[in-house]
Amino acid sequence: MELKQLFYFIKVAEFGSYTKAANELDIAQPLLSRHIRQLEVELKQHLLIRNGRGVSTTEAGNILLKHSHQIIAQLENLKEDLSLSTGEITGSVTLGIPPTLSKLFARDIIKLFYKRLSHANLIVTEGLTRDLQERLELGRLDIALLHNPNFLPNIEYELLIEVFLTCITRKDNPISLKKEVNADELSTLPLILPSRNNTFRQLFDNEMIKSHQKTNIVLEVDSKELILDLVEDGLGSSILLPMVLDLGQKHPILTTIPITTPELPCHLYMALLNKTVKNRLQKALIEIIKEVCQKYFPKNKAQ
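Residues numbered from 1 in each chain as written. Predicted model: local features only at pLDDT ≥ 70, side-chain atom pairs only at ≥ 80, totals over all residues. Heavy atoms only, no water.

1. As for the confidence of the model for the protein
Low-confidence regions, as indicated by low pLDDT, have predicted coordinates that should not be scrutinised in detail.
Consideration 1: Looking at the protein, the pLDDT average stands at 88 and 94% of residues meet or exceed 70.
Consideration 2: Confidence, read as mean pLDDT per element, is least for helix α4 (residues 59-82) in the protein (80) and greatest for strand β8 (residues 190-193) (96). (pLDDT = per-residue confidence, 0-100. Helix = DSSP H or I, 4+ residues; strand = E, 2+ residues; numbered from the N terminus.)

In structure tokens form, the structure reads like this:
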């Protein structure tokens with residue numbers, strides 16, 4: 001078994017395609033397929049299975065993928081240890097972040113990273129909490145920021161931020177005159193919400209069910225920017241984090257109303273595999289993330 005083969009396997013598994021992986025690696029697809037087949041023969045396991053869209057990992061493939069990432073990470077740690085003589089932090093680290101938070105402060109994280117760690121590399125991936133946690137489990141991410149995750153025993157979580165979802169509506173909507181809204185009032189509003197795989201949507205649905213309230217969902221849209229545009233057009237109200245009004249295009253005719261009974265808390269956690277020994281680069285990124293969170297949420301009790 002060669003390290004090159006493990007690296008090739010990681011790429012095929014991540015892209016779900018021999019063709020895309022070969023293009024990324026700049027090698028011929030038959031050669032790439034031959035390397036993967038040699039791995040399967042040596043390990044006496046089927047690692048990949050073809051489907052209509054490409055390939056996916058088998059159970060054995062998932063195990064190998066997890067260990068392959070760990071082996072590559074160990075090599076990065078070795079390089080870092082060898083760089084101690086120069087005092088420079090080198091290597092590569094991957095961060096997963098939800099789209100809303102990515103737009104809020106990913107730019108600040110990246111700028112601080114390259115200001116302080118000019119010899120290192122940061123890879124930032126956007127995704128929903130469920131997808132990011134899955135990638136973290138498989139070793140495809142070093143650190144992930146997760147909204148209200150389902151806690152898993154093999155992942156270490158640290159609470160960073162606690163904020164609450166709010167009702168976002170037009171300022172000329174009569175309900176905007178209220179200081180707060182409850183489940184009864186939310187049930188009367190036409191709502192534009194993300195689809196059911198969204199963490200915020202799941203939280204809202206669950207709490208409304210507990211309150212024995214029905215909802216009037218007129219549109220399901222996963223783009224926060226489009227949701228705000230549609231709310232601005234008067235097609236409904238929405239339930240989102242309050243800071244979305246500060247992202248990108250301004251919406252001066254929109255406002256936020258606190259939601260009570262039920263409150264909709266959104267906890268942001270920083271997550272790492274709990275068996276992972278943090279290297280200097282990961283520790284430096286963790287400190288940068290906490291610093292940026294403190295900047296945007298200075299009075300948050302999670303801090």
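Additional details are given in the paragraphs that follow.
2. Brief notes about the environment of N150
Consideration 1: Assignment of secondary structure puts N150 in the loop between β5 (143-147) and β6 (155-164).
Consideration 2: Under the relative-accessibility criterion, N150 is labelled exposed at 63%. (Buried < 20%, exposed > 50% of the residue type's maximum accessible area, 1.4 Å probe, protein only.)

3. Comments concerning the domain arrangement of the protein
Consideration 1: Assigned domains within the protein: domain 1 (3-70), domain 2 (88-161 + 267-296) and domain 3 (166-263).
Consideration 2: In total, about 520 Å² of surface goes out of reach between domain 1 and domain 2, with carbon and sulfur atoms giving 50% of it.
Consideration 3: When the area that domain 1 buries against domain 2 is broken down by residue, the three leading residues are E14, K66 and H69, summing to 64%.
Consideration 4: Inspection of the region where domain 1 meets domain 2 yields 0 salt bridges. (Domains from an automatic or database assignment. Buried area = accessible area lost by both parts, 1.4 Å probe. Salt bridge = Lys/Arg side-chain N within 4 Å of Asp/Glu carboxyl O.)

4. What about a nonpolar patch on the surface?
Consideration 1: Together, L3, I71, L75 and L78 line one region of the surface with nonpolar side chains, adding up to about 310 Å² of accessible area.
Consideration 2: Of the residues forming the nonpolar patch, the biggest block, 3 residues, is contributed by α4.
Consideration 3: Here L78 is to be found in helix α4.
Consideration 4: Relative accessible area serves as the criterion here: at 44%, L78 is assigned to the partly exposed category. (Patch = residues over 30% accessible without salt bridge, like charges linked within 9 Å, V, L, I, M, F, W, Y side chains within 5 Å. Areas by Shrake-Rupley, 256 points an atom, 1.4 Å probe, with all protein chains shown as cover.)

5. Considerations on the packing of aromatic side chains
We describe a pair of aromatic rings using the distance from one ring centre to the other and the angle between the two ring planes.
Consideration 1: Across all of its chains, the model carries 5 aromatic pairs by this definition.
Consideration 2: Ring centres of F113 and Y114 lie 5.1 Å apart, and the angle between their planes is 75°; this geometry places the pair in the edge-to-face category.
Consideration 3: Judged by its relative accessible area of 0%, F113 falls in the buried class.
Consideration 4: Take Y114: its relative accessible area is 36%, and that puts it in the partly exposed class. (Phe/Tyr/Trp six-rings, centres within 6.5 Å; stacked < 30°, edge-to-face > 60°.)

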